[in-house]
Amino acid sequence: MAILKIARMGHPVLSRAALPVADPTAPAIARLIEDMMETLEDANGAGLAAPQVHVPLRLVLFRVPPGRETAEEESADGEHAPSSELESPTVLINPAIEPIGERMVEDLEACLSLPGLAGVVPRHDHILYRWTDTEGRKHECEARGFHARVVQHECDHLDGILYPMRMTDLSTLSFTSELGRPAALEA
Ligand code: NI
């Protein structure tokens, strides 16, 4: 296990599309996940995408703080999907997102790759997302609110998109030390 260095805005790994994980069950992927778990814990973030630790693969971790989970979960093979209530982060390999409905919601986001900054970002309130787990099984899950927001933030990292690129009002981009309130998520 190791705490990995987090790439900051401007590093090319954050601005290009990441490659699909060919074998989600590979030992190298298990090691990467262990290191990312430790890095996420150390940074006290809500989520972390592999490109943020200089690995250009389609893999993310996220966690939803207790009281903020609003997911309706089901999985393709009939088993229950990993719950966002778990203390341990959920791992999404090769995730894909489909918005449900038109409703967008705004909230203050921060990113571990833009330390010290936050901005108001519109996101889809309700999404369906699909992913593969570390045993190669496929799952899908509906999410709303914070859960939907953190998944959208993380999956954007896989396409080279940082939250300022989603902002519609750049005048809200601020140093968190000037805001007097924490961002809804830092991931
Ligand atoms: Ni981020």
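What counts and how
- Residues numbered from 1 in each chain as written.
- Predicted model: local features only at pLDDT ≥ 70, side-chain atom pairs only at ≥ 80, totals over all residues.
- Heavy atoms only, no water.
- pLDDT = per-residue confidence, 0-100.
- Contact = heavy atoms within 4.5 Å.
- Pairing = 2+ DSSP bridges.
- Helix = DSSP H or I, 4+ residues; strand = E, 2+ residues; numbered from the N terminus.
- Axes fitted to C-alpha atoms, helices over the stretch in contact; angles between N-to-C directions.
- Phe/Tyr/Trp six-rings, centres within 6.5 Å; stacked < 30°, edge-to-face > 60°.
- Buried < 20%, exposed > 50% of the residue type's maximum accessible area, 1.4 Å probe, protein only.
- Donors = N, O, S within 2.8 Å, 3.2 Å for Na, K, Ca; no water.
- Tetrahedral: all angles 85-135°; square planar, octahedral: opposite > 155°, others 65-115°.

Bringing the confidence of the model for the protein into the picture now. Scored by pLDDT, the protein comes out at a mean of 91, with 90% of its residues at no less than 70. Confidence drops under a pLDDT of 50 for residues 71–86, and excluding neighbours within four residues, the segment shows 38 contacts in the predicted structure.

Pairing is mixed in the open sheet, where four strands are placed in the order 9-6-5-10. Edge positions in the sheet fall to strand 9 (174–175) and strand 10 (185–186), since each has one partner strand and no second. Contacts between helix 2 (residues 145–158) and the sheet are confined to strand 5 (104–110), strand 6 (117–124) and strand 10, with strand 6 contributing the most and set at about 105 degrees to the helix.

This paragraph deals with the packing of aromatic side chains. For the coordinates displayed, the defined rule picks out two aromatic pairs. For the ring pair Phe62 and Tyr129, a centre distance of 6.4 Å and an interplane angle of 80 degrees mean the geometry is edge-to-face. With Phe62 in strand 2 (residues 59–62) and Tyr129 in strand 7 (residues 126–132), this residue pair connects regions lying 67 residues apart in the sequence. Both residues of the pair, Phe62 and Tyr129, count as buried.

The next thing to look at is the pairing of strand 6. Most of strand 6 sits inside the fold, with seven of its eight residues counted as buried. Here strand 5 pairs with strand 6 via six bridges, running antiparallel. Residue pairing in the sheet places Glu106 in a bridge with Pro122 of strand 6. Counting the residues in the hairpin turn of strand 5 and strand 6 gives six residues, including Gly116, whose phi is positive at 90 degrees. Across two bridges, strand 6 lies against strand 9 in antiparallel orientation. Residue pairing across strands places Ala118 opposite Ser174, the latter belonging to strand 9.

This part takes up the coordination of the nickel ion. At this site the nickel ion is bound by Cys111 (SG), His153 (NE2), His157 (NE2) and Ala187 (O), with donor distances of 2.1 to 2.3 Å. The site at the nickel ion holds four donor atoms, and with the angles between them running 90 to 146 degrees, its shape is irregular. All donors of the nickel ion belong to a single chain; written as a sequence motif, their spacing is C-x41-H-x3-H-x29-A. Linking His153 in helix 2 with Ala187 in the segment after strand 10, this pair joins segments that are 34 residues apart in sequence. Comparing His153 with Ala187 shows no difference in burial state: the two are buried.

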